[in-house]
Amino acid sequence: MNRLLRFVPAAVLTIVVAVLPLVVADRFLLKVFTFVGLNALTAVGLALLFGYAGQVSLGHAAFVGIGAYACAFCTTKLELPWLAGFAIAALLSALGGLLLSLPSLRLKGHYLAMASLGFGELMSVAFVEGSPVTGGVNGLGGIPFPAIGAFEIREPATLYWLVWGVVGLAALIAFNITSLRPGRAMRSLHGSELGAQACGVDVTGVKVRSFVLSAAFAGMSGALYASFVGFISPSVFTLSVSVNLLAMAVVGGTGSLIGPILSAAALTLLQYIDALIPGLARETAQVVQSFQADIYGLAIVLVVLFAPGGLAGLWRRRGGERP
Amino acid sequence: MGWTRRIVTLGLVAALGFTLVGCGSKSGGGESKTTEPYKIGAVLSLTGTYAALGTAEKNAIELEVKRINDAGGINGRQLDVIIEDDATDEAKAVSAATKLIEQDGVIGIIGATGTGQTMAMRSELQRASIPQVSMAGGNAVTSKFDKLVFQTPWPNKIVVPFVLQAIKDAGYTKVAVVSDSGGYGKDGHEIIVAEAKNMGLTIVSDQTFNAGDTDMSAQLTNIKKADADALLMWTAGKEAATVVKSATDLGLGLPLFGGSGQARAEFASGSGVAAEGFVFGTGKSLMPSNWPEGSEERKAVQDFADRYKKAYGADADIFAGHAFDAVGIVADALKRAEGDVDSAKLRDLIEQTKDLPGFGGTFTFSATDHNGLTADDLALYKIEGGKWVLAK
Amino acid sequence: MSELLQFFIAGLKNGAIYALLALGFTIVYASTGAINFAQGEFFMLGGMLGVWFSSLGLPLPVAVVAAIVATAAIGAAFELLAVRPLGAGDPLRVIMVTIGGSVILRQLALHLFGPDELPLPPFTEGASIKVLGAAIERQTVWIWALTLLAVLGLAFLYRKTAFGKAMRATSLQRDAARLVGVDTGRMVTYSFALAAALGALAGLAVTPLTQTVFDVGAGISVKGFAAAILGGLGNPVAAVAGGIVLGLLESMTAGYLNPLYKDAVALVVLLIVLFVKPSGIFGGGRREKV
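Keep in mind that what you see is a predicted model, and the values were worked out from it rather than measured.

## Some points on the overall build of chain A
Thinking step 1. Looking only at helices and strands, one finds 17 helices and two strands in chain A.
Thinking step 2. Here chain A holds 323 residues, and the buried ones make up 58% of them.

Here you go:
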C-alpha cells in the first residue's frame, strides 16, 4: 500500500501536466509552460548527476547548445528529417559528456565544477567562432518546427505535449536508473565515494554513465528549444544559463526527480510573474518586471535557507527519508 | 502527518496552475472598434546586459506616447504602447512577443533592443503577420529581407563606408583596425575589410577584443609596430574607453576614428583627455543644429531633445532617438489609416512611409528598403574638451 | 624586445587583479569549504561605491577607503544574513546562496546606480612611465603597489596576529578550532568581509582604466575562480601565483597569437592542469574527507 502511495505525487503531476493544454487556450501560457518543460528536461539530467552521483556541473548550457546547434544544422543545412536531427543532437551531446567525464574522473567537488565551467566557456567560444556551422554571433535562424514523418508539430499545444512527453520519458529513464541497483549505487556516491567503492560499486561506471545521460538530456532540450523557437545564438548558452540550470537542480532537492521538475517550473515561472499574476494593473506589472531578477535571486536564497532538502524535502516526512 | 504535507503541497501547485489558467482567457471585448486605443507592443531590454540601451528607449517611448495622447491621440484614438522587458534574453523576448500578440492583442511590435532578441521573436511575428520596428543596429536584422521587419538605426553598411571615406579624405592610407568580437563589432569588421579594399585603403593591422576585456595593450602594441597612419575602432561596448586610454598611454600617436558606438556621453567622459581629437561618424541628429535652420528634421529632433532633457534631466542618446523614431514611424502610419487597422494594414502603411523627418534622418521606406537611411543622414564629429563638435 | 616587455607588463597588471580576486575565493574557501560566487559582485561594488562616494564630493583617497570599508561591511552582512543560518553543512548550499546573493547584489547596483557605465579618475594623473621602450600606465603602478600591500598585509595578519592564527586554525580544522576556543562562526564572517575588501580593492584599482557597470562581476568572477583553481584552491600564495600565471598567459596569447583566443587558451591550459594535476600548479597534495 505504502509503496503504491509513493507514486501518487508523480501520477498527479503527470495528469496535471498532461491535461493542461486542454484547459489553457492561451498560446502565451502554453509557450511559457513549454519553456518550463525544456528547463525541466535539463534539470532532471542535472538532478541525476548531482543528486545521485554527487557531481556538480557548471557547464550544462554547453550541452544544451551542442544539441541545439546539431539539430539546427542537421535540419537547415543538411535538410535531414527532424527526428534524425534530434537523435544526432542527443548523441553528440552525449559524446560531449563522455569526452568531458573521462578526464574528469579524478576530479571532484569544486575542481569538477571548474572543469565543467571551463568546458562551457570553451564551447561558448566555439559557438561564436564556428560560424560556418553555427552562424557565429548572428546566430542561426529559420530552423523548422519538429516533424515526425510528414506531420509537422507547430501548434503550441502539440509542441507542449512533445516537450513534456520527452520530459516524461527522461524522468522515466532516470527513475528506472535510480530505483534499480545502479541508482542506489549512485545515491551512495553522494554520501561517500570510498564507502561505495568498498561495497563493490562500480564508481567510475556510474559517474560516466550519469554524466553522459545528463548531457544527452541537455542536448535533447537544446534540440527542442531550437525547433520550438526557430532561432538560436551563442547568447542562449552562456554560463549564467548553466548556473540557472544548476540552481533548478539544487533548489529541487537531492535524491528526487519531482523536486527538480517542480523547481524548474517555479524558477522559470518566476521570470514571468508579471504576466502570470491575473488582474495585475499595468503599472504594478512594470514595477514587478524591474524587480523580477531580484525576486529570482531572493527565491533561491530563501529556499536554500528555509528548505534544506529543497522543494523535494517539503513533502517528505520530517525525519523520515534522508533529504 | 507526512500525507497532509504532500497533499497540501500538491494542492498549492494545482491551485497555482489553475490560477494561471484563469488569466489566460481574456477576450477582446465587443466595444466599438473605432474608439478603442491602438495597441502596440514594445519589447525592450530593461535589465541584463543591454539595460542602459533599453532604459533610454523606454524613456523615449513613454515620452512620445504621452505627447501624442495629450494632443488628442491619433485619429481621435489613443495610442497604447505596452512595454515588456526581455532581460536581454532571447527566450524571454519570444515569450514577450507571444504575450503581446495573444494576451494584449497588439497590431505591431516595436523592438527589440538587441539584434539577437530581434531575430529570436521573428518566427512568432511571422506566424501572426505582425510588423516589427526594430531598434537594433545589427546588419543581420535586415540582411535577409523580411517584409515584416523595419529598422530605425543607421546600419553599419552605411556608417562604415562614411567613416572610411573620412579617413581617406584626411589623406591616410594605412589603417589599423580594432573591433570587438560581439555582434556589432563583427558585423562592422566584415564591412570594413570589404569596403577598405574598394576604397584603396590598406589594413596593416587587424586586432580584436572580447567584451569585458580590461586590457588592450597587447592589441595596441601590435598596432604600434605595424606602421599605420590611422586607427579605426569599431565597437559599441564600454571597452572603447579602455582602448583610447591605452592608445594614449602607449604613445601610439595615431589619429583615432570610430562610429555610432562612440556617440555616447559615457565614452567621452569615461576616456577623459585620451579621447581628445577622436573622430567618429554617426547620424546628423546627434547635434540638431546639423540640420538646416527651419527644416523639418531640425524641428523634430530639437523638440525631442528639449522635451527629453526636461522630462528626464539627461540628454537623449542615440538609442532614445531610435526609439523616438520607432514610435514616430508607427504613429505616422496610423495617422494615414482610414477606418480600422489590423496588423496587415499597419505593415502596408509603414511600408508607405515617405519623407518622414525623424532622429535617424528622413525615412522613406519602399518594398525593397525597410531602413531608408543614407549617408546623407550622417555627419562627422570630433571630441573636443570632453564634448563632441562637428568635425572640420 | 620592447613588445615582450609590454606584453609582460600587461600580463602582470591583469594578473595582479586576478590574484586579488583569487585571494578572496581562497579565503572564503578556507573558512567554509565553499566557493563564493558573489566574489565578482564585491569587485563591482568596490568600483561602484568608489564612484558614488567620490561623486558625493569626497576626495578620491577617502572615497576609495570608504568604498573598501563599505564593501567589507556588505560582505559581512551577507555572511550573517545568508550564510551563517546554513550552519556548517553542505558546501553546495553555501554555493547556491552565494549565487542567489550575487543576483541580488547585481540588481541592487542596477537599481541604485543605473545601467550606464561610470568612470573614476586615475589615482594619480599624468603620462605613462617609459621603461626600455615600453610604457607603464600610472594606474598600473598603483595596481601593483596595492596588490603587493594587500598580500603583505594578509601575510602579516595570518602569521603574526592572534586573529590570523584563529583564521588559520578554522581553515585547517573547524571542530578542533572550536574546541580550543576559537569562535569559528565569527571567523567565517571575517573571511567574507576580508574577501569582499579584496574584491573591492581590485575593482577600485581597475575602474580608472576600464570604467565600471552593474554587470561586470560575473565575468571577472570566472577569472578569479580560474586563477584560484589554477594555483591550487585554499592556498593564498598559490592563489596569487595562479592569478599572475593566468594574466601572463592571456597577454602572451593576445600579443603573439590572437586576442580572440586569449580566453580560450587560458581555459585550455586550465583544463589540462586540472586533468593532469587536479590540485593546481602550486597546490600540495589533496586531502580527502571520508
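## Thoughts on the overall build of chain C
Thinking step 1. Counting its secondary structure elements, chain C contains 11 helices and two strands.
Thinking step 2. Mapped in sequence order, the helices and strands of chain C form the string α-α-α-α-β-β-α-α-α-α-α-α-α.
Thinking step 3. In terms of C-alpha radius of gyration, chain C reaches 19 Å, essentially the compact-globule figure of 19 Å for 290 residues.
Thinking step 4. In terms of overall dimensions, chain C has C-alpha extents of about 60 × 50 × 35 Å along its principal axes.
Thinking step 5. Burial status across chain C gives 59% buried among its 290 residues.
Thinking step 6. In chain C, 75% of the contacts between residues at least 6 apart in sequence involve partners at least 24 apart.

## Here we look at the interface of chain C and chain B
Thinking step 1. Of the residues lining the interface, 27 residues belong to chain C; the matching set on chain B comes to 29 residues.
Thinking step 2. Of all the secondary structure elements, the ones that give two or more residues to the side of chain C that touches chain B are α1 (2-32), α8 (184-210) and α10 (236-257) of chain C.
Thinking step 3. Here the element with the most residues in the side of chain C that touches chain B is α1(C); it accounts for six residues.
Thinking step 4. When the residues that make up the side of chain C that touches chain B are grouped by side-chain class, the tally is 12 nonpolar, eight polar and seven charged.

## Points about the pairing of strand β3 (residues 108-111) of chain B
All names here are of chain B.
Thinking step 1. In this sheet, β3 lies alongside strand β1 (residues 38-44) in parallel orientation, the contact comprising four bridges. Residue pairing across strands places Ala-42 opposite Ile-110, the latter belonging to β3.
Thinking step 2. Of the strand pairs in this sheet, β3 and strand β4 (residues 132-134) are connected by two bridges, and their pairing is parallel. Across the sheet, the residue bridging to Ile-110 is Val-133, located in β4.

## Notes on the pairing of strand β13 (residues 378-384) of chain B
Residue and element names in this part refer to chain B.
Thinking step 1. Where strand β10 (residues 279-283) meets β13, five bridges bridge the pair, whose relative direction is antiparallel. Across the sheet, residue Thr-282 finds its bridge partner in β13, namely Ala-379.
Thinking step 2. Both β13 and strand β14 (residues 387-390) contribute to a ladder of four bridges, which runs antiparallel. In the sheet register, Lys-382 faces β14, and the bridge partner there is Val-389.
Thinking step 3. Hairpin connection of β13 to β14: two residues between the antiparallel strands, including Gly-385 at a positive phi of 60°.

## Here's the deal with the nonpolar core
Burial of nonpolar side chains together is a common tendency in soluble globular proteins.
Thinking step 1. With 337 residues, the main nonpolar core has A:Val44, B:Leu231, B:Leu232 and B:Val330 as its most contacted residues.
Thinking step 2. Broken down by element, this core gets its largest block of residues, 18 residues, from helix α3 (residues 27-52) of chain A.
Thinking step 3. Setting aside chain neighbours within four positions, we find B:Val330 in contact with B:Ile40, B:Gly108, B:Ile110, B:Val133 and B:Ile350.

## Points about unusual backbone geometry
Residues and elements named next belong to chain B.
Thinking step 1. Cis geometry is adopted by the peptide bond preceding Ala-112, which originates at Gly-111 and carries an omega value of 5°.
Thinking step 2. One non-glycine residue with positive phi stands out, namely Asp-355, at about 50°.
Thinking step 3. Secondary-structure assignment places Asp-355 in the loop between α14 (343-351) and β11 (356-357).
Thinking step 4. C-beta crowding within 10 Å serves as the criterion here: with 9 such atoms nearby, Asp-355 is assigned to the exposed category.

## Some words on the environment of B:His370
Residues and elements named next belong to chain B.
Thinking step 1. Assignment of secondary structure puts His-370 in the loop between β12 (362-363) and β13.
Thinking step 2. Between the alpha carbons of His-370 and Gly-328 there is a distance of 15 Å; along the sequence they are 42 residues apart.
Thinking step 3. The residues touching His-370, leaving out its near neighbours within four places in the chain, are Thr-142, Val-149, Phe-150, Gln-151 and Phe-365.

## Digging into the sheet that holds β14(B)
The strands making up a sheet associate through backbone hydrogen bonding, with each pair oriented either parallel or antiparallel.
Residues and elements named next belong to chain B.
Thinking step 1. Spatially, the seven strands line up as an open sheet ordered β7-β6-β8-β9-β10-β13-β14, and their pairing is mixed. Only two strands of the sheet have a single partner each, and these edge strands are β7 (202-209) and β14. Adjacent strand axes in the sheet meet at a mean angle of 30° when their direction is disregarded.
Thinking step 2. Two elements, strand β6 (residues 174-180) and β7, share seven bridges in a ladder whose sense is parallel. Each residue of the ladder has a partner; that of Val-175, found in β7, is Ile-203.
Thinking step 3. Packing against the sheet, helix α7 (residues 156-169) makes contact with β6, β8 (230-234), β9 (256-258), β10 and β13, and its axis sits at approximately 145° to β10.

## Quick look at the confidence of the model for chain A
All names here are of chain A.
Thinking step 1. In this model, chain A carries an average pLDDT of 85, and 89% of its residues clear a pLDDT of 70 or more.
Thinking step 2. Per-element averaging of pLDDT across chain A places helix α9 (residues 181-191) at the bottom with 61 and helix α4 (residues 60-76) at the top with 96.
Thinking step 3. For the stretch residues 317-323, pLDDT sits under 50, and the model shows 10 contacts to residues farther than four places along the chain or on other chains.

## Things to note about the confidence of the model for chain C
All names here are of chain C.
Thinking step 1. For chain C, per-residue confidence averages 88 on the pLDDT scale, and residues scoring 70 or more make up 96% of the total.
Thinking step 2. When mean pLDDT is taken per element in chain C, helix α2 (residues 39-55) scores highest with 96 and helix α7 (residues 174-179) scores lowest with 76.
Thinking step 3. When the criterion is pLDDT under 50, residues 285-290 qualifies, and its contacts beyond four places in sequence or with other chains add up to five contacts.
Thinking step 4. Interface predicted TM-score (ipTM) for the complex: 0.88; the corresponding pTM is 0.89.

## Side note on the sheet that holds β1(B)
All names here are of chain B.
Thinking step 1. Taken in spatial order, the five strands of this open sheet run β2-β1-β3-β4-β5, and their pairing is parallel. Each edge of the open sheet carries a strand with a single partner, namely β2 (79-85) and β5 (149-151). Ignoring strand direction, the axes of neighbouring strands in this sheet form an average angle of 20°.

## With respect to the packing of α1(C) against α2(C)
Residues and elements named next belong to chain C.
Thinking step 1. One way to put it is that α1 packs onto α2 with a least axis distance of 10 Å and a crossing angle of 130°. With respect to their mutual orientation, α1 and α2 come out oblique. Pair α1 / α2 crosses with right-handed handedness. Facing Leu-21, Gly-24 and Phe-25 of α1, the residues of α2 in contact are Gln-39, Phe-42 and Phe-43.
Thinking step 2. Each residue belonging to the contact of α1 with α2 can be placed in one class, and the counts come to four nonpolar, two polar and no charged.

## Notes on helix α4 (residues 91-113) of chain C
Residues and elements named next belong to chain C.
Thinking step 1. Between its first and last C-alpha atoms α4 spans 32 Å; for 23 residues at 1.5 Å apiece the expected length is 33 Å, and the two agree.
Thinking step 2. Of all 23 residues making up α4, 18 are buried, and the element is well covered by its neighbours.
Thinking step 3. A positive backbone phi angle near 85° is found at Gly-114, which sits one or two residues after α4.

Basis of the calculations
Residues numbered from 1 in each chain as written. Chains lettered and ligands numbered in written order. Predicted model: local features only at pLDDT ≥ 70, side-chain atom pairs only at ≥ 80, totals over all residues. Helix = DSSP H or I, 4+ residues; strand = E, 2+ residues; numbered from the N terminus. Buried ≥ 20, exposed ≤ 12 C-beta atoms within 10 Å, placed from the backbone. Rg over C-alpha atoms; globule rule 2.2 N^0.38 Å. Contact = placed C-beta atoms within 7 Å. Nonpolar A, V, L, I, M, F, W, Y, C, P; charged D, E, K, R; others polar. Pairing = 2+ DSSP bridges. Core = buried A, V, L, I, M, F, W, Y, C linked by C-beta atoms within 7 Å. Axes fitted to C-alpha atoms, helices over the stretch in contact; angles between N-to-C directions. pLDDT = per-residue confidence, 0-100. Parallel < 35°, antiparallel > 145°, perpendicular 65-115°, else oblique. Left-handed = near helix turned anticlockwise from the far one by under 90°. Expected span 1.5 Å × (residues − 1).

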